[in-house]
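# Commentary on secondary and tertiary structure
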Amino acid sequence: MKILVVEDEQKVAAFIRQGLEEAGYQVEVAFDGLNGKRLAEEKRFDLLVLDLLLPGMNGREVCVALRKSQPRLPILMLTALGTSEDKLAGFESGADDYLVKPFEFSELLARIKALVRRSNPAAMEPKLIAGDLEIDTDKKVAIRAGQPISLTAKEYALLSYLMQHKGKVVSRQQIAADVWDIHFDTGTNVVDVYVNFLRKKIDKDHETKLIQTLIGMGYMIDA
Ligand code: CA
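The text that follows walks through the structure, step by step, so that each part is easy to find.

Calculation criteria
- Residues numbered from 1 in each chain as written.
- Predicted model: local features only at pLDDT ≥ 70, side-chain atom pairs only at ≥ 80, totals over all residues.
- Heavy atoms only, no water.
- Buried < 20%, exposed > 50% of the residue type's maximum accessible area, 1.4 Å probe, protein only.
- Helix = DSSP H or I, 4+ residues; strand = E, 2+ residues; numbered from the N terminus.
- Contact = heavy atoms within 4.5 Å.
- Polar contact = N/O pair within 3.5 Å; in protein donor to acceptor, adjacent residues only side chain to side chain.
- Pairing = 2+ DSSP bridges.
- Axes fitted to C-alpha atoms, helices over the stretch in contact; angles between N-to-C directions.
- Donors = N, O, S within 2.8 Å, 3.2 Å for Na, K, Ca; no water.
- Core = buried A, V, L, I, M, F, W, Y, C linked by side-chain atoms within 4.5 Å.
- Phe/Tyr/Trp six-rings, centres within 6.5 Å; stacked < 30°, edge-to-face > 60°.
- Salt bridge = Lys/Arg side-chain N within 4 Å of Asp/Glu carboxyl O.

Within the sequence span of helix H3 (residues 59–69), burial applies to Gly59, Val62, Cys63, Ala65 and Leu66. Buried residues along H3 sit in contact with helix H2 (33–42), strand S3 (47–51) and strand S4 (75–79). Regarding H3, its N-cap is Asn58, as a side-chain oxygen of that residue lies 3.0 Å from the backbone nitrogen of Arg60 further along.

Dropping the structure here:
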C-alpha cells in the first residue's frame, strides 16, 4: 500500500512519514505542489495526503489537476485553519476527505484507512482466501490447508498482492511497479523469480495449483 504525502513543512512531513511507515505503508514525500502532482501522475499510489497551502502550486490546484489525470486516486486534504471556507475549498477541488491541522496521528490513520477501504475493499480485508489458502493481513501470515507457510517480507507482499487481485490477471509490469516500485522495463526477472519461490512454498505439495501463469499476459491466483 503506497501513500504519497505532499507537505512543505519538513517536520510535519517527517512525522506523517514515520507514523505511516510504522503502520506498514510505503511512503513517498514531495515538498511542493508541482513535484507532488508530477509524482502522483508518474507513479501509482493508493492514496494522496495533500496539504492545502503549498509553494508553487497549492493543494487545491494539485487536486483539481489530479481529478482529471488520476480520477480514482483517493485524496485526503490537510487544511491549516479549519474555517468553513477552507473546508469548502478542499471538497470543491475534489478531495475525498479533509483533516484540520494540528491533528492526532491516530485520526489521520483512521481517515486513511476509511478512504482506502472505500476505494479498494480487498486491500483492507482482514483475511484473503483462495481455495484452501488463506492470508491474515493483520498478522501477515499465510496458511494453506491448515499449515502455516513461512514467507519472507517480499514473498508475503507478492502473495498478498496476487490475493487482492484474486481471479484477475496481473501483468509482470504491474507487479513490478506495485510490489517492487520498478516503473520501467529494466529487463529484470525478479517477478518470475519470486513467483517461483512462492510456487515452491504454496503449490508444490498440493494437487491444486493456485498460482497460474498466463503466457504473454502475467500471473493470476485463483482457486
Ligand atoms: Ca503548508
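The subject of this paragraph is the environment of Leu4. Here Leu4 lies in strand S1 (residues 2–6). By relative accessible area, which is 1% here, Leu4 ends up buried. Once the C-alpha coordinates of Leu4 and Gln26 are considered, the two residues, 22 residues apart in sequence, prove to be 8.6 Å apart. Here Leu4 is in contact with Glu28, Val29, Ala30, Gly36, Leu39, Ala40, Phe45, Leu47, Leu48 and Val49, once residues within four sequence places are set aside.

The next point concerns the sheet that holds strand S6 (residues 127–130). Taken in spatial order, the four strands make up an open sheet running S6-S7-S8-S9, and their pairing is antiparallel. For this open sheet the edge positions go to S6 and strand S9 (147–149), each flanked by a neighbour on one side alone. Pairwise comparison of adjacent strand axes, ignoring direction, gives a mean angle of 25 degrees for this sheet. Here four bridges tie strand S7 (residues 133–136) to strand S8 (residues 141–144), and the two strands are oriented antiparallel to one another. Looking across to S8, one finds that Glu134 is bridged to Ile143. On the sheet, helix H7 (residues 153–164) packs against S6, S7 and S8 and is oriented at approximately 110 degrees with respect to S7.

Another point: the coordination of the calcium ion. In this structure, Asp8 (OD), Asp51 (OD) and Leu53 (O) serve as the protein donors to the calcium ion, at separations of 2.1 to 2.3 Å. On the basis of relative accessibility, which here comes to 58%, the residue Leu53 falls in the exposed class.

This part covers the side chain of Glu7. Along the polypeptide, Glu7 turns up in the loop between S1 and helix H1 (10–22). Take Glu7: its relative accessible area is 0%, and that puts it in the buried class. Only 2.9 Å separates the side chain of Glu7 from the backbone nitrogen of Glu9, close enough to count as a polar contact.

On to the nonpolar core, then. Among the nonpolar cores identified, the biggest contains 28 residues, and Leu159, Ile175 and Trp180 are the most heavily contacted of them. Listed in part, the 21 residues of the second largest apolar core include Val5, Leu108, Leu109 and Ile112.

Moving on to the environment of Met163. Mapped onto the fold, Met163 is located in helix H7. When near neighbours in sequence (up to four residues on either side) are disregarded, Met163 contacts Leu128, Ile129, Ala130, Leu133, Glu134, Ile135 and Ile221.

Of the consecutive residues Lys101 and Pro102, the connecting peptide bond is found in the cis state with omega at -5 degrees. When you line up the elements, Pro102 lands in the loop between strand S5 (97–100) and helix H5 (105–119).

So, on to the packing of aromatic side chains. Tallied over the entire structure, the rule returns four aromatic pairs. Between Phe15 and Phe105 the ring centres are 5.9 Å apart and the planes differ by 80 degrees, which places this aromatic pair in the edge-to-face class. Placement of the pair is Phe15 in helix H1 and Phe105 in helix H5, with a sequence separation of 90 residues. According to the relative accessible area criterion, Phe105 is buried, its value standing at 17%.

Let's shift gears to the pattern of salt bridges. By the definition in use, this model includes 16 salt bridges. When salt bridges with common partners are traced through the structure, they connect Glu7, Glu9, Asp51 and Lys101 into a single cluster.

Attention now goes to the sheet that holds S1. Judged by pairing direction, the sheet is parallel, and its five strands sit side by side in the order S2-S1-S3-S4-S5 without closing on themselves. Edge positions in the sheet fall to strand S2 (26–30) and S5, since each has one partner strand and no second. Neighbour-to-neighbour, the strand axes of the sheet open up by a mean angle of 20 degrees, direction not taken into account. Pairing geometry for S4 and S5, over four bridges, is parallel. The residue bridging Leu76 from the neighbouring strand is Asp97, located in S5.

Another aspect to go through is the pairing of strand S10 (residues 211–214). Pairing analysis gives four bridges linking S10 to strand S11 (residues 218–221), with the strands arranged antiparallel. Across the sheet, Gln212 pairs through a bridge with Met220, a residue of S11. Between S10 and S11, which pair antiparallel and follow one another directly, the connecting turn spans three residues, one of which, Gly216, has a positive phi of 80 degrees.

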